[in-house]
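Topology and contacts: notes
Chain by chain, the residues:
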Amino acid sequence: MVAVKQEGWSSRTAFILAAVGAAVGLGNIWRFPTLAGENGGGAFVLIYIACVVLIGLPLVLSEVIVGRHGGSDAYHSAEKLAKESNVSSGWAAFGGVGISAAFLILTFYSVVAGWVLYYVGVFISDFFGALTSGDPFAGALLNETKEEIPQRMGALFENNFILLSMHTIFMFLTIAIVARGVTDGIEKAATYLMPTFFILLILITIYGAFVGEFGRAVSFLFTPDFSKLNAGVVNEALGQALFSMSVGSAALITYGAYVPKETKLAPTAAMIAFADTGVAIMAGLMIFPIVFSAGLDVAAGPTLVFQSLPIAFQSMPAGSFVGLLFFVLIFFAALTSSISLLEAVVAWAIKKFQCSRAMAAWGVGGVIFLVGVACALSLNIWSELRILGFWGIFAETNIMDTIDGFVGKVLLPVAALITTIFIGWKADKKLVDAESGLNGGKLAFWRFLTAWLSPIAVSLILIFGLFPSLLPS
């Protein structure tokens, strides 16, 4: 048995950077612009912001409260609060479900992050090609036509050597950082990566404002067209608002366990939610001016980042350099999120098996890596395997899409639902109120949102995810 060292953040700023890094990921840079483009822009954004404030923020605060009070991994923190509230320890299930979700998310998240790494390599090569050509301010070279560039993704999916190599590199980086500990690994990574991320985000947004159609992008994102609103759009906005902030994945509970007692949780949670939302909107302002300028389809869906934008960079000034910065930015976002996902599982393993951090990180990370290999191979040679083929909504999805769908439609909503019911109805009010730091009307309003609005909203996500035919047209 190894003595488990109690770890913590060195400052409130360190926690905020790490927590924002956990929340800000591919969902903000890739999925938010995709959903905004597919759902009409401004109306979706308006609903998204309302969902963040009224539902997402109360859940973020709830999870951080559980973590700080418990001072351990998500499951054992929830279990401690349940016992001190004199309710069944079975309510700690949301911690266990969240840890399971974090484990499964990282198996396919690392594969997608590997695609980002691949494009970083492509644009590094392209940038040096532009330098040697004598015109570094020309558009991206890419040595391909606009018809050929989108085919690069298909070629990547067929190349197992590159897929698995990128997946391996990304997982190695994630494990190595987590293995170093909270202060020496996770905090240092967040301290360097997140400021750099924000600088890159601002620079590319400014670039798009000058060379792209910034006014049109602003109009698209902030002029609501309520004719586009329907139940499906509202449900998409609600789901994106909750899960882009890592709600339900145990990451915020785990990070909350390292927060000093003197830190005020309510304003800190608000800063996390504000930063996450700000990044999502900035991502739209970064991407859509470039998309509009190149005459691309804003509703291109998941292909927007990996297929449409490389076409845009080809025709834009300094496209090779900007393309490189863009994919480096996405890589940083992916890495900070993957660190939080792995830490959620590693913290549980350290407590459960009383092992060293290094052993837990490399052991857990190794298993995640192997499942990730199956996800990568499901893009080609295992594409016909159906691990949940008996379940109608997963009958036609490969391994990677099945894991993604199961986590998004089942595990995350279930974890969030149990969390909000537990905090709103079962947990000792005095303990929870003391941790929240709220009082008066703010406390009453938060309690109302947590006990009533959040359970209803999360239940709808769960129901419509499992039974999409019930979604009103």
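Quick look at the overall build of the protein chain now. A tally of regular secondary structure across the protein chain gives 18 helices and zero strands. Its C-alpha atoms give the protein chain a radius of gyration of 22 Å, within 12% of the compact-globule value 23 Å for 473 residues. Principal-axis analysis of the C-alpha atoms gives the protein chain an extent of 70 × 55 × 50 Å. A total of 473 residues make up the protein chain; the buried ones form 58% of that total. Put simply, of all contacts in the protein chain between residues at least 6 apart along the chain, 82% involve residues at least 24 apart. Total accessible area on the protein chain stands at roughly 18200 Å², and carbon and sulfur atoms take up 67% of it. Of the charged side chains in the protein chain, 24 are positive and 28 negative; the average position of the first set lies 12 Å away from that of the second.

The next thing to look at is helix 17 (residues 429–436). When helix 17 is considered as a whole, its buried residues turn out to be Val432, Glu435 and Ser436. Buried residues of helix 17, seen end-on, are gathered within an arc of 100° and therefore sit on one face of the element. Set apart from the buried face of helix 17 by more than 90 degrees, the exposed residues are Lys430 and Ala434. Its buried side turned inward, helix 17 meets helix 3 (42–70), helix 12 (265–293), helix 16 (399–426) and helix 18 (440–466).

Moving on, we come to the packing of helix 3 against helix 12. As a packed pair, helix 3 and helix 12 sit with axes 9 Å apart at the nearest point and diverge in direction by 135°. One finds that helix 3 runs oblique with respect to helix 12. The crossing of helix 3 and helix 12 is right-handed. Two secondary-structure elements touch here, helix 3 through Tyr48, Ile49, Val52, Leu57, Val60, Leu61, Val64, Ile65 and Arg68 and helix 12 through Leu265, Ala266, Ala269, Ala270, Ala273, Asp276, Thr277, Ala280 and Ile281. Counted by class, the contact of helix 3 with helix 12 contains 15 nonpolar, one polar and two charged residues.

This next bit is on the packing of aromatic side chains. In total, this model carries 31 aromatic pairs according to the counting rule given. Taking the centre distance of 6.1 Å and the plane angle of 75° together, the rings of Phe170 and Phe331 count as edge-to-face. Placement of Phe170 in helix 7 (residues 160–179) and of Phe331 in helix 14 (residues 319–353) is noted, with a sequence separation of 161 residues between them. Measuring from ring centre to ring centre gives 5.7 Å for Trp348 and Phe353, while their planes differ by 80°; the resulting arrangement is edge-to-face. According to the relative accessible area criterion, Trp348 is partly exposed, its value standing at 26%. Ring pairs connect the aromatic residues Trp115, Tyr118, Tyr119, Phe123, Phe157, Phe306, Phe313, Phe326 and Phe327, which therefore count as one cluster.

Here we take up the pattern of salt bridges. Applying the stated rule across the entire model yields seven salt bridges. Linking Arg68 and Glu435 is a salt bridge whose minimum nitrogen-to-oxygen distance equals 2.9 Å. Remark: Glu435 occurs in helix 17 and Arg68 occurs in helix 3; sequence separation between them is 367 residues. A relative accessible area of 6% means that Arg68 is categorised as buried. Taking the shortest distance from any N to any O, the salt bridge between Lys261 and Glu435 comes out at 3.0 Å. On the criterion of sequence distance, the pair formed by Lys261 in the loop between helix 11 (251–256) and helix 12 and Glu435 in helix 17 is long-range, its members being 174 residues apart. Given a relative accessible area of 8%, Glu435 falls into the buried group.

Now for a nonpolar patch on the surface. On the surface, Ile49, Val53, Leu54, Trp425, Phe445, Phe448 and Trp452 cluster together into a nonpolar patch covering about 690 Å² of accessible area. Looking at the nonpolar patch, the elements that each hand over two or more residues are helix 3 and helix 18. On the basis of relative accessibility, which here comes to 45%, the residue Phe448 falls in the partly exposed class.

Let us look at the side chain of Ser436. Tracing the chain through its elements places Ser436 in helix 17. Among all residues touching Ser436, those that are not within four sequence positions of it are Ile65, Leu265, Ala266 and Leu443.

The end-to-end C-alpha separation of helix 15 (residues 357–377) is 30 Å, in line with the 30 Å expected for 21 residues at 1.5 Å each. Those residues of helix 15 that sit buried are Arg357, Ala360, Ala361, Val364, Gly365, Ile368, Gly372, Val373, Ala374, Cys375, Ala376 and Leu377. Considering only its buried residues, helix 15 is in contact with helix 5 (93–132), helix 7, helix 8 (182–211), helix 14 and helix 16.

Our focus in this paragraph is the packing of helix 3 against helix 17. Packed helices, taken two at a time, are described by the angle between their axes plus the distance between the axes. Where helix 3 contacts helix 17, the axes come no closer than 10 Å and their chain directions differ by 100°. Here helix 17 runs roughly perpendicular to helix 3, going by the angle between their axes. Residues Ile65, Arg68 and His69 of helix 3 pack against Leu431, Val432, Glu435 and Ser436 of helix 17. Looking at the contact of helix 3 with helix 17 residue by residue, the classes come out as three nonpolar, two polar and two charged.

Turning next to the environment of Trp382. Relative to the elements of secondary structure, Trp382 occurs in the loop between helix 15 and helix 16. Overall, the relative accessible area of 35% leaves Trp382 in the partly exposed class. Counting along the chain gives 17 residues from Trp382 to Ile399, while the straight-line C-alpha distance between them is 8.1 Å.

Scored by pLDDT, the protein chain comes out at a mean of 91, with 98% of its residues at no less than 70. The secondary structure element of the protein chain with the lowest average pLDDT is helix 2 (residues 26–38), at 83, and the one with the highest is helix 15, at 98.

The rules behind these values
One numbering rule holds for all chains: residues counted from 1, following each sequence as written. Reporting of local features is limited, given that this is a predicted model, to residues whose pLDDT is at least 70; pairs of side-chain atoms are given and counted only at 80 or more, and all residues count toward the totals for whole chains, interfaces and linings. As a rule here, side-chain values cover all heavy atoms of the structure and leave hydrogens and water aside. Put simply, DSSP H or I for four residues or longer makes a helix, DSSP E for two residues or longer makes a strand, and each gets a number counted from the N terminus. The reference for a compact globule is 2.2 Å times residues^0.38; the radius of gyration itself is calculated from the C-alpha atoms. The cut-offs for exposure are 20% and 50% of the maximum accessible area for each residue type, with area from a 1.4 Å probe on protein chains only; residues under the lower value are buried, those over the upper are exposed, and the others partly exposed. Contacts are assigned to residue pairs with any non-hydrogen atoms lying within 4.5 Å of each other. Each accessible area is a Shrake-Rupley estimate made with a 1.4 Å probe; only the visible protein chains count as cover when residues are assessed. His residues and chain termini do not enter the charge count, which takes Lys and Arg as positive and Asp and Glu as negative. In plain terms, the charge of a residue is placed at NZ if it is Lys, CZ if Arg, CG if Asp and CD if Glu. What the arc covers is the set of directions going from the helix axis to the C-beta atoms. Fitted lines through C-alpha atoms serve as axes, helices being fitted only where they are in contact, and the angles separating the N-to-C directions of these axes extend from 0 to 180 degrees. What sets the label is the angle itself: under 35 degrees gives roughly parallel, over 145 gives roughly antiparallel, 65 to 115 gives roughly perpendicular, and the rest give oblique. Working rule for handedness: look at the near helix, and if it is turned counterclockwise from the far one by less than a right angle, call the crossing left-handed; if clockwise, right-handed. The residue classification treats Ala, Val, Leu, Ile, Met, Phe, Trp, Tyr, Cys and Pro as nonpolar and Asp, Glu, Lys and Arg as charged. All others, Gly included, are polar. Pairing of aromatic rings covers Phe, Tyr and Trp, the last through its six-membered ring, and needs centres within 6.5 Å; plane angles under 30 degrees mean stacked, over 60 mean edge-to-face, and all others mean tilted. Salt bridge, as applied in this entry: a Lys or Arg side-chain nitrogen positioned within 4 Å of an Asp or Glu carboxyl oxygen. To count toward a patch, a residue needs a relative accessible area over 30% and no salt bridge; like charges are then connected within 9 Å, while nonpolar side chains (Val, Leu, Ile, Met, Phe, Trp, Tyr) are connected within 5 Å. Residue count minus one, scaled by 1.5 Å, sets the expected span of a helix. pLDDT is defined as a per-residue confidence score from the predictor, taking values between 0 and 100.

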